[in-house]
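So the chains spell out like this:
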Amino acid sequence: MSDLFRWDWVLDHRDDVWLALGEHMWLTFLAVAIGLAISVPTGIFVSRHRKLYGPVTALTGFLYTIPSLALFAFLTPVTGLSTTTAEIGLVSYTLLILIRNVVAGLDGVSPDAKEAARGMGYTDRQLLWKVELPLALPTIVAGLRIATVTTIGLVTVTALIGKGGVGYFILFGLSRSFSTAIILGAVLAVALAVVFDVLLLRSERLLVPWTRSSEERPA
Amino acid sequence: MADSMISLRNVSKRFANSTDAAVDDLSMDVYAGETVVLVGPSGCGKTTTMKMINRLVEPTSGTIVVDGTDVRKQDPVELRRGIGYVIQSIGLMPHRTIASNIATVPKLLGWDAARISDRTRELIAMLDLDPGLLARYPSELSGGQRQRVGVARALATDPPVMLMDEPFGAVDPIVRARLQDQFLEIQKKLNKTIVFVTHDIDEAIKLADRIAILNTGASIEQFAPPEEILREPANDFVERFVGAERGLKRLALIKVSEIQIEQGPVCSPRDSVADANEEMERFGFDWVSIVDDGELLGWIGQRDLEGRPRLTDITPRPFSAYVTKESTLRHALDSIVSSRTQVAVVAEEGQRYAGILTLERISREIVS
Ligand SMILES: Nc1ncnc2c1ncn2[C@@H]1O[C@H](COP(=O)(O)OP(=O)(O)OP(=O)(O)O)[C@@H](O)[C@H]1O
Ligand SMILES: [Mg+2]
């Protein structure tokens, strides 16, 4: 039993664990932030120019279906074993979810609220920033949550190109048939995913005070 | 004639994907300070007409002038900020509190916080809204409260022109009647130029200075004051639209002071019983009003006189309902129908006797 999971090994490698967690979060954050930076403007544009939605979904859907290993195999000759390679892959996987949720969020904005806002003299820009985006925010954050959790999982795979956060432990364990490292990597990845899922769910609720009932809201 | 505040000249709107014009060659003037109500069947172009006034919809052809300026020569955003607008489905911002919703246009115009909060307080008092609602979100209000917030928001910057598209559409009849009364009260004070859309002919009759009855393509079937539309519907379409009870509806628009009231049997408490009998006979009534020095004391029936030597010994019975000169004929009719004597007694301020109204007299107003 003690061979399956050796605490002493974990304690010896405490510093590596923290480093790996830090790298994992950084890679995830970078991927989701870049994904969002691409998806929000794209989503806004696509929701205004509906004809483009089909092609954009087809493209991001195609990216989403490429097996991650294959994608890294394609990219490595071009961008090497680098963070860039990892991020190109990770960002690509966020786009389908994020763009879809941005568009769905904007679509879900009450047409009455938009019409009233225009009728009262909002400019297009004010309409976007003060009405459409705030009202789309819950849906966008919901997408962000899925994208984050998905990315946390995928980062373990990027360990293959040397940028893997806690995935490194899994890879290390697999190569030496060392179960402690495999379990450690897997547990850490799952724990990260759960923590971020809960945190983002919380912030989702905080961001939409208008859907809570008045009893819940501090007076 | 007063100044035309909103003027539409040969205005048409043809939407890209349809063959028929939503609005077909409409010309109409709305004068400063009047309430014009557009009524007509669903899809006849009421909302489209209204949206062309604030350029939410651009006309295919024709000219619209608001307050002396062609709307096409104005920046649409500026134009809209200057016109109060209540949309068909209210359209409050779900993510903003009621206070923030009401402050929408003042904020766009850059008012300072103190001015906004003063104005907000003024508006909620005017619309009889509880200040406790200000911190809530729209989803936490009742339908009637929301509609009032919609109206408050449109009134926020005190715009001279208001466009109101079925502002009281989604509430029950009782709340609706209250909102209408409030509307009339506010309009009496503020004297805005209002274009008001409704499906409900009774609402139109109650609120309008003039009603435009529209048919498909916003073609005007009749454009006249409510009383005239009820008295002389221009054609079958209008007649069907105003409904079978137009005679009765018209009664609600005529005040007692506007018609010739009749004289009824009257005695002074000091008159003799013989005088009273004679007076009743003269009018063919079995009762007589007792009026002392112009003051209406009540009535005495023929049977009360039996065995009594003098009228002073008899206490006059109070009338169950009076009608004043400010009452409507509709109200008078209700009194007549529910009174024992089948007659409404008209009294003026301080119970001064003025005359009577009979069913025959009122039915003459129904047929004419
Ligand atoms: N944006 C649009 N594109 C195409 N057609 C439209 C558009 N808006 C309105 N229409 C059409 O124009 C006609 C008039 O519509 P409008 O909304 O003005 O009617 P309405 O009199 O306000 O009806 P309701 O009483 O149901 O509100 C309808 O046939 C409608 O389908
Ligand atoms: Mg309409």
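Keep in mind that this is a model prediction, so the values were computed, not measured. (Residues numbered from 1 in each chain as written. Chains lettered and ligands numbered in written order. Predicted model: local features only at pLDDT ≥ 70, side-chain atom pairs only at ≥ 80, totals over all residues. Heavy atoms only, no water.)

K.L.:
In this structure, what is going on with the overall build of chain B? I would like to understand it.
P.N.:
A count of helices and strands for chain B gives 14 helices and 16 strands. Computed over the C-alpha atoms, the radius of gyration of chain B is 26 Å, more than 25% above the 21 Å expected from 2.2 N^0.38 for a compact globule of 368 residues. C-alpha atoms of chain B, sized along the principal axes, occupy 85 × 50 × 35 Å. Scored against the burial criterion, the 368 residues of chain B give a buried share of 52%. Accessible surface computed for chain B: about 16900 Å², of which carbon and sulfur atoms make up 48%. (Helix = DSSP H or I, 4+ residues; strand = E, 2+ residues; numbered from the N terminus. Rg over C-alpha atoms; globule rule 2.2 N^0.38 Å. Buried < 20%, exposed > 50% of the residue type's maximum accessible area, 1.4 Å probe, protein only. Areas by Shrake-Rupley, 256 points an atom, 1.4 Å probe, with all protein chains shown as cover.)

K.L.:
How should I be thinking about the interface of chain A and chain B in this particular structure?
P.N.:
How big an interface is tends to be reported as the loss of accessible area on association of its parts. Chain A puts 22 residues into the contact, and the matching count from chain B is 25 residues. Area buried by chain A at its contact with chain B is led by Glu115, Met120 and Trp210 of chain A, which between them contribute 31% of it. In this structure, Glu115 of chain A engages Lys51 of chain B in a salt bridge whose closest nitrogen and oxygen atoms are separated by 3.1 Å. Counting every contact that joins chain A to chain B gives 8 residue pairs in polar contact (both at pLDDT 80 or more). Elements supplying a minimum of two residues to the side of chain A that touches chain B: α6 (111–119) and α7 (124–157) of chain A. Considered class by class, the residues forming the side of chain A that touches chain B number 10 nonpolar, 6 polar and 6 charged. (Contact = heavy atoms within 4.5 Å. Buried area = accessible area lost by both parts, 1.4 Å probe. Salt bridge = Lys/Arg side-chain N within 4 Å of Asp/Glu carboxyl O. Polar contact = N/O pair within 3.5 Å; in protein donor to acceptor, adjacent residues only side chain to side chain. Nonpolar A, V, L, I, M, F, W, Y, C, P; charged D, E, K, R; others polar.)

K.L.:
Teacher, can you tell me more about the site of ligand 1 here?
P.N.:
Residue and element names in this part refer to chain B. Residues in close proximity to ligand 1 total 13 residues, the closest being Ser42, Gly43, Lys46, Thr47 and Thr48. A distance of 2.7 Å is found between an oxygen atom of ligand 1 and a side-chain nitrogen or oxygen belonging to Lys46. His199 has a polar side-chain atom sitting 3.1 Å from an oxygen atom of ligand 1. Coverage of ligand 1 by the protein chains reaches 61% of its 640 Å² of free accessible surface. (Near = heavy atom within 4 Å.)

K.L.:
Is there a simple way to think about the coordination of the magnesium ion (ligand 2) in this case?
P.N.:
Ideal values differ by geometry: the angle at a metal is 109.5 degrees with four tetrahedral donors, but 90 or 180 degrees with six octahedral donors. All of the protein donors around the magnesium ion (ligand 2) are Thr47 of chain B (OG1) and Gln88 of chain B (OE1); their distances to the metal are 1.9 to 2.6 Å. Taken as a pair, Thr47 of chain B in helix α1 (residues 46–53) and Gln88 of chain B in the loop between β6 (83–86) and α3 (98–102) lie far apart in primary sequence, 41 residues in all. (Donors = N, O, S within 2.8 Å, 3.2 Å for Na, K, Ca; no water.)

K.L.:
Explanation requested: the environment of Val195 of chain B in the structure shown.
P.N.:
Residue and element names in this part refer to chain B. Looking at where Val195 falls in the secondary structure, it is placed in strand β8 (residues 193–198). Val195 gets classed as buried once you look at its relative accessible area, which sits at 4%. Between the C-alpha atoms of Val195 and Tyr85, which are 110 residues apart in sequence, the distance is 9.8 Å. Leaving out residues up to four positions away in the same chain, Val195 has contacts with Ile6, Val30, Val36, Leu38, Met50, Ile53, Met162, Leu163 and Met164.

K.L.:
What exactly am I supposed to notice about the sheet that holds strand β3 (residues 35–39) of chain B here?
P.N.:
Pairing between the strands of a sheet comes from backbone hydrogen bonds, and it takes one of two forms, parallel or antiparallel. All names here are of chain B. Strand order in this open sheet of 6 strands is β6-β7-β8-β3-β9-β10, and the pairing throughout is mixed. Either end of the sheet is taken by a strand with one partner, and the two such strands are β6 and β10 (219–224). Ignoring which end each strand starts from, the neighbouring axes of this sheet average 15° apart. In terms of strand pairing, β3 meets strand β9 (residues 210–215) through 4 bridges, oriented parallel. For Val37, the partnering residue across the bridge sits in β9 and is Ile211. Here helix α6 (residues 143–155) sits on the sheet in contact with β6 and β7 (161–165), set at roughly 165° to β6. Helix-sheet contacts for helix α7 (residues 173–190) involve β3, β7 and β8, and the interaxial angle to β8 is about 165°. (Pairing = 2+ DSSP bridges. Axes fitted to C-alpha atoms, helices over the stretch in contact; angles between N-to-C directions.)

K.L.:
In this structure, what is going on with the side chain of Gln180 of chain B? I would like to understand it.
P.N.:
Residues and elements named next belong to chain B. Along the chain, the position of Gln180 falls in helix α7. The exposure class of Gln180 is buried, given its relative accessible area of 7%. Gln180 has contacts with Phe168, Glu203, Lys206 and Leu207, leaving out every residue within four places of it along the chain.

K.L.:
Help me out: how do you make sense of the packing of aromatic side chains in this one?
P.N.:
Note on aromatic pairs: each is described by the distance of the centres and the angle between the planes. Scanning the model with the defined rule gives 17 aromatic pairs over all chains in all. Taken together, the ring pairs connect Trp9, Tyr168, Phe169, Phe172 and Phe178 of chain A into an aromatic cluster. Just above the ring of Trp111 of chain B sits the side chain of Arg115 of chain B; from NZ or CZ to the centre is 3.7 Å. Positioned over the ring face of Phe223 of chain B is Arg210 of chain B, at 4.2 Å from the centre of the ring. (Phe/Tyr/Trp six-rings, centres within 6.5 Å; stacked < 30°, edge-to-face > 60°. Lys NZ or Arg CZ within 6 Å of the ring centre and 35° of its normal.)

K.L.:
Whenever I open this one, the packing of helix α5 (residues 83–107) of chain A against α7 of chain A confuses me. Can you help?
P.N.:
Geometrically, a packed helix pair is captured by the angle between its two axes and the distance between the axes. All names here are of chain A. Where α5 contacts α7, the axes come no closer than 8 Å and their chain directions differ by 160°. Relative to α7, α5 is oriented roughly antiparallel. For α5 against α7, the interelement crossing comes out right-handed. Of the residues that constitute the contact of α5 with α7, the class distribution is 16 nonpolar, 7 polar and 1 charged. (Parallel < 35°, antiparallel > 145°, perpendicular 65-115°, else oblique. Left-handed = near helix turned anticlockwise from the far one by under 90°.)

K.L.:
Please clarify how helix α4 (residues 68–79) of chain A should be interpreted in this entry.
P.N.:
Three- or four-residue spacings in an α-helix give side chains the same orientation, since the helix completes a turn every 3.6 residues. End to end, α4 of chain A covers 15 Å across 12 residues, agreeing with the expected 16 Å (1.5 Å per residue, within 8%). Packed against the buried residues of α4 of chain A are α5 and α7 of chain A. (Expected span 1.5 Å × (residues − 1).)

K.L.:
Looking at this model, I keep getting lost on the pairing of strand β4 (residues 61–66) of chain B. Mind explaining?
P.N.:
Both faces of the sheet carry side chains from a regular strand, because those side chains alternate between them. Residue and element names in this part refer to chain B. Here strand β1 (residues 4–13) pairs with β4 via 5 bridges, running antiparallel. Opposite Leu8, over in β4, you have Ile64 as the bridge partner. Note that β4 and strand β5 (residues 69–70) share 2 bridges and pair antiparallel. Bridging from a neighbouring strand, Val65 pairs with Asp70 of β5.

K.L.:
Would you take a moment to explain the domain arrangement of chain B for this structure?
P.N.:
Domain annotation for chain B reports domain 1 (4–244) and domain 2 (257–367). Relative placement of domain 1 of chain B and domain 2 of chain B: their C-alpha centres are 45 Å apart. (Domains from an automatic or database assignment.)

K.L.:
I tried to follow the nonpolar core on my own but got confused; where do I start?
P.N.:
Nonpolar side chains in soluble globular proteins tend to end up buried together. If you look at the biggest cluster of nonpolar residues, it comprises 45 residues, and the most contacted ones within it are Val131 of chain A together with Ile6, Leu38 and Val195 of chain B. Beyond its immediate stretch of four places on either side in the chain, Val131 of chain A contacts Val109, Ala117, Tyr122 and Gln126 of chain A together with Met93 and His95 of chain B. (Core = buried A, V, L, I, M, F, W, Y, C linked by side-chain atoms within 4.5 Å.)

K.L.:
Would you mind going over the layout of surface pockets with me for this structure?
P.N.:
Unoccupied space between atoms shows up once a probe the size of one water molecule is rolled over them. Residues and elements named next belong to chain B. Of the voids in this model, the largest pocket is the one considered here, and its volume is about 350 Å³. Around the largest pocket, the lining residues are Asp202, Ile205, Lys206, Lys249, Ala252, Leu253, Lys255, Glu258 and Thr328. At 3 residues, helix α8 (residues 201–207) tops the list of elements feeding residues into the lining of the largest pocket. Considered class by class, the residues forming the lining of the largest pocket number 3 nonpolar, 1 polar and 5 charged. Size it by volume and the second largest pocket reaches roughly 220 Å³. Taken together, 13 residues make up the lining of the second largest pocket; nearest its centre are Leu92, Pro94, Pro138, Ser139 and Arg146. Of the residues belonging to the lining of the second largest pocket, the class tally is 6 nonpolar, 5 polar and 2 charged. (1 Å grid on protein atoms, 1.4 Å probe; cavity = no way out; pocket = protein on both sides within 12 Å on 5 of 7 lines; lining within 4 Å. Points joined across faces, edges and corners; volume = space filled by probe spheres on them.)

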